[in-house]
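For reference, the chains in residue letters:
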Amino acid sequence: MIVFPFLHNMSINIFFLFSLLLAAVVIFFYLHMYLRRKRVFLLENNVLQKENRREGRLSPGGTFGEITSKNENDEIIRELAFKVKLIIQAGNTGLWDFDTKKNEFCDNKSNNSYYKGYALDQFLQMVHPDDRHIPLEMLRMLKNDEVESIERQCRMRLIEDGEYRYLNLVAVVSVRDENGKPLVITGLRWDVTHEMEEKQRLLHSKTLLDLTFAAVGAVPWLMDFETGKMISSHENSVLYGKDMTVDQYIDQVVFPEHKELVRGQVRKICSREVDSIDVRFRAFDNGKYEWKRIMGRTILDPRTNTYVATGTSCIITEEVEKQEELVMLRKKAEESNRLKTAFLANMSHEIRTPLNAIVGFSNLITQAENPEEAQEYARLIETNNELLLQLVSDILDISKIEAGQMDFTFANVDICEIFNDLKQVYSVRMPAGVEFICNLPGPSCMLFTEKNRFIQVLSNFLSNAVKYTARGNITMGYEHAGNDIRLYVRDTGKGIAREHQPKLFERFSKFDAHVAGTGLGLSICETIVSKLGGQIGVESELGKGSEFWFTVPDVKM
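Residues numbered from 1 in each chain as written. Predicted model: local features only at pLDDT ≥ 70, side-chain atom pairs only at ≥ 80, totals over all residues. Heavy atoms only, no water.

**Q** Help me understand the overall build of the chain in this model?
**A** A count of helical and extended segments in the chain gives twelve helices and 21 strands. In the chain, buried positions account for 38% of the 557 residues. Long-range pairs, those at least 24 residues apart, make up 57% of the contacts in the chain between residues at least 6 apart in sequence. About 33500 Å² of surface is accessible on the chain, with carbon and sulfur atoms providing 52% of the total. (Helix = DSSP H or I, 4+ residues; strand = E, 2+ residues; numbered from the N terminus. Buried < 20%, exposed > 50% of the residue type's maximum accessible area, 1.4 Å probe, protein only. Contact = heavy atoms within 4.5 Å. Areas by Shrake-Rupley, 256 points an atom, 1.4 Å probe, with all protein chains shown as cover.)

**Q** For this particular structure, what's the right way to read the sheet that holds strand E10 (residues 229-231)?
**A** Where strands meet in a sheet, backbone hydrogen bonds hold them as pairs that are either parallel or antiparallel. What the six strands build is an open sheet, ordered E11-E10-E9-E14-E13-E12; its pairing is antiparallel. Edge positions in the open sheet fall to strand E11 (244-245) and strand E12 (276-285), since each of these has one partner strand only. For E12 and strand E13 (residues 288-301), the ladder comprises ten bridges, and the chain directions are antiparallel. Pairing of Ser276 across the sheet is with Arg297, part of E13. Sheet strands in contact with helix H7 (residues 259-270) are strand E9 (218-224), E12, E13 and strand E14 (306-315), and its direction is about 145° off that of E12. (Pairing = 2+ DSSP bridges. Axes fitted to C-alpha atoms, helices over the stretch in contact; angles between N-to-C directions.)

**Q** Would you explain the pattern of salt bridges in this entry?
**A** Note on pairing: side chains with opposite charge can pair once their charged atoms come close. If you walk through the whole model with that rule in mind, you get 22 salt bridges. Across the salt bridge formed by Glu318 and Lys322, the nearest N and O atoms sit 3.4 Å from each other. In this pair, Glu318 and Lys322 both sit in helix H8 (residues 317-365), four residues apart, roughly one turn of the helix. Of the residues examined, Glu318 reaches a relative accessible area of 54% and is grouped as exposed. For Arg379, the salt bridge goes to Glu376, with nearest N and O atoms at 2.6 Å. (Salt bridge = Lys/Arg side-chain N within 4 Å of Asp/Glu carboxyl O.)

**Q** What is the right way to look at the sheet that holds strand E7 (residues 164-176) in this model?
**A** Strand order across the open sheet formed by five strands is E5-E4-E8-E7-E6, with antiparallel pairing between neighbours. Every other strand in the sheet has two partners, leaving strand E5 (104-106) and strand E6 (149-157) as the edge strands with one partner each. Put simply, the sheet's adjacent strands are angled 35° from each other on average, direction ignored. Alignment of E6 against E7, held across nine bridges, turns out to be antiparallel. The residue bridging Met156 from the neighbouring strand is Arg165, located in E7.

**Q** What is the right way to read unusual backbone geometry from this model?
**A** Most peptide bonds are trans, and most residues other than glycine sit at a negative phi. In this model, Asn103 sits at a positive phi of 60°, which is unusual for a non-glycine residue. Tracing the sequence through the fold places Asn103 in the loop between strand E4 (93-99) and E5. Given the relative accessible area of 32%, Asn103 is considered partly exposed.

**Q** Would you mind showing me how to read the packing of aromatic side chains here?
**A** How two aromatic rings sit relative to each other is set out by the distance from centre to centre and by the angle between their planes. If you walk through the whole model with that rule in mind, you get eleven aromatic pairs. Between the aromatic rings of Phe410 and Phe448, the centroid separation amounts to 5.9 Å while the plane-to-plane angle is 25°, which identifies the pairing as stacked. Placement of Phe410 in strand E15 (residues 410-414) and of Phe448 in strand E17 (residues 446-450) is noted, with a sequence separation of 38 residues between them. For Phe410, a relative accessible area of 34% puts it in the partly exposed group. Between Phe461 and Phe550 the ring centres are 6.0 Å apart and the planes differ by 65°, which places this aromatic pair in the edge-to-face class. Pair noted here: Phe461 is in helix H11 (residues 451-468) and Phe550 is in strand E21 (residues 545-553), with a separation of 89 residues, a long-range link. Among the residues examined, Phe461 registers a relative accessible area of 1% and is labelled buried. Each member of the aromatic cluster is reached from another via a ring pair, and the members are Trp96, Phe98, Phe105 and Phe123. Over the ring of Tyr426 we find Arg429; its NZ or CZ atom is 4.9 Å from the centre of that ring. A cation sits over an aromatic face here: Arg490 above Tyr488, 4.0 Å from the ring centre. (Phe/Tyr/Trp six-rings, centres within 6.5 Å; stacked < 30°, edge-to-face > 60°. Lys NZ or Arg CZ within 6 Å of the ring centre and 35° of its normal.)

**Q** Would you mind going over the confidence of the model for the chain with me for this structure?
**A** One rule of thumb: low pLDDT means the predicted coordinates there are not for detailed reading. The predicted model of the chain averages 78 in pLDDT, with 77% of residues at 70 or higher. Of all secondary-structure elements in the chain, the lowest mean pLDDT belongs to strand E1 (residues 41-42), at 36, while strand E19 (residues 484-491) reaches the highest, 94. Low pLDDT, under 50, characterises residues 1-13; the predicted model gives this stretch 13 contacts beyond four residues in sequence or across chains. Note on residues 34-68: pLDDT under 50 across the span, and 32 contacts to partners over four residues away in sequence or across chains. (pLDDT = per-residue confidence, 0-100.)

**Q** Got a minute to help me understand the nonpolar core in this structure?
**A** Soluble globular proteins tend to pack their nonpolar side chains together in the buried interior. In this structure, Phe454, Ile474, Leu487 and Phe550 are the most contacted members of the largest nonpolar core, which totals 43 residues. By residue number, the principal contributor to this core is H11, which donates seven residues. In this structure Phe454 touches Ile415, Ile418, Leu447, Thr449, Leu487, Phe550 and Val552, once residues within four positions along its chain are discounted. Counting residues in hydrophobic clusters, the runner-up holds 21 residues, among them Leu120, Phe123, Val127 and Leu169. (Core = buried A, V, L, I, M, F, W, Y, C linked by side-chain atoms within 4.5 Å.)

**Q** Even after reading the chapter, I still don't get the environment of Leu504, so can you show me in this structure?
**A** Inspection of the secondary structure puts Leu504 in the loop between E19 and helix H12 (521-531). For Leu504, a relative accessible area of 6% translates into the label buried. Residues Leu504 and Leu522, spaced 18 residues apart in sequence, show a C-alpha to C-alpha distance of 7.4 Å.

**Q** I would appreciate a short explanation of H11 in the present structure.
**A** Residues three or four positions apart in an α-helix share a direction because the helix packs 3.6 residues into each turn. With 18 residues, H11 should reach 26 Å at 1.5 Å per residue; the first-to-last C-alpha distance of 26 Å fits that figure. Among all positions of H11, only Arg453, Phe454, Val457, Leu458, Ser459, Asn460, Phe461, Leu462, Asn464, Ala465 and Val466 are buried. Structurally, the start of H11 carries an N-cap: the backbone nitrogen of Asn452 is 2.9 Å from a side-chain oxygen of Glu450. (Expected span 1.5 Å × (residues − 1). Polar contact = N/O pair within 3.5 Å; in protein donor to acceptor, adjacent residues only side chain to side chain.)

**Q** Just checking my understanding: could you explain the side chain of Asp414 for this structure?
**A** Residue placement: Asp414 occurs in strand E15. No salt bridge is formed by the buried Asp414; the nearest opposite charge belongs to Lys451, separated by 9.9 Å. Only 3.1 Å separates the side chain of Asp414 from the backbone nitrogen of Cys416, close enough to count as a polar contact. Leaving out residues up to four positions away in the same chain, Asp414 has contacts with Ser444, Cys445 and Met446. (Lys, Arg positive; Asp, Glu negative; His and termini not counted.)

Have a look at this one:
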């Protein structure tokens, strides 16, 4: 594992200790048997007999020269036994023998013999109830010659009523009968409770670390400075199971525009110009380019005594998108504040202008000397009343739009009837020399829409056309366009410059200061058309006229 490299060293130490102990026991056993086979005994009748283990009896033999004296053999055995004892004691290890015929533990001629005289059932009482199948399985497999040696771990009590400890058990067949069947099973046991507790602590720490990584969506990685390779043991990493260098990672994964940024940071940490990095970039992950954040720092690897870089990477696409959204919302809020300030300034001016006219001409009308003069004052008062009423209506509509309370009541209406009504109203408002044309393809056209808002949009188009058209004609009508109905108002007025057209439907967009109006009407119309499920637009050429249009779905209920 990348995160806990010292676990490997600990397992090597345990294995080395076990190998040393097992080798000592085997050497002791076979040397002891070898010396017994070679030893010569002097009988009372001075006849030398040699132990024949193959036939299982003592048979007379000829005269042999004594290979080694009994005293020398005993000395070698005692010395070897002492060394084995030291090794066993140094490793806090217990030695045991199990008699397969008697089904009990027997004396192995060692001061470190454990469970001597225990029947198998008595021995199992020392084993934790959940682990009693483990030693039974070990003995069964060895007695059946399924394995040459076996190693297992189980929980046992070393003394009666003592606490359970984790023990490592290792066993081999040490003695066989004349048919090769196992007679004695010899084994070692040593306490590994501390190692198991340490392993559990490490496993707990690793689990917490994995949960932390999962909670924050982080993936660990390691970079070797000498080989230039990046590796990760996390299955969610693009590096998992791959042999990839840093350059390959940058070339294959990093977004083209960010390659140099990542290379620069890698160069700094590899040269140890910096001890840590924190870089954001886009990289190919999960089948698409995602924003990533890589954090890392250099550490000294105790195994190789060389420096490596390790850290985490996590996908931050959602975070980046939220930050961008917050920036956009902040700009919109700033723009909204600016527009509100401009709105108050414009409203104070726009409201004051018709009010001054109304108040002033109301006073003058009482002082008029002839009917014609009074009639002109009355006409001016009526015009300013209409401007003030339209201004108040626009302000109320803007307030409803901001509050999301603009009501729409849909019903079947005949738009040809609406056009005919508007023609009667606006015919009397046409300037002298301007022809008003109503272009209707048929006598009737039913449409499921909001009648009042529908009329409001057309009225706004016609009012603007009347304001900016001094000669020629104004034409209104509709036409079928696929699944929509396209409604329009054309004029031959002064037209709109191309650079002003993109801002025409924004609030307070007003490009002629000499013409009355607040610049709110078209912005309100755009909102209404959007609610009706259509689109709005303009086609205009400066000096030649304009065509304002909008579409609504051709739906009948």
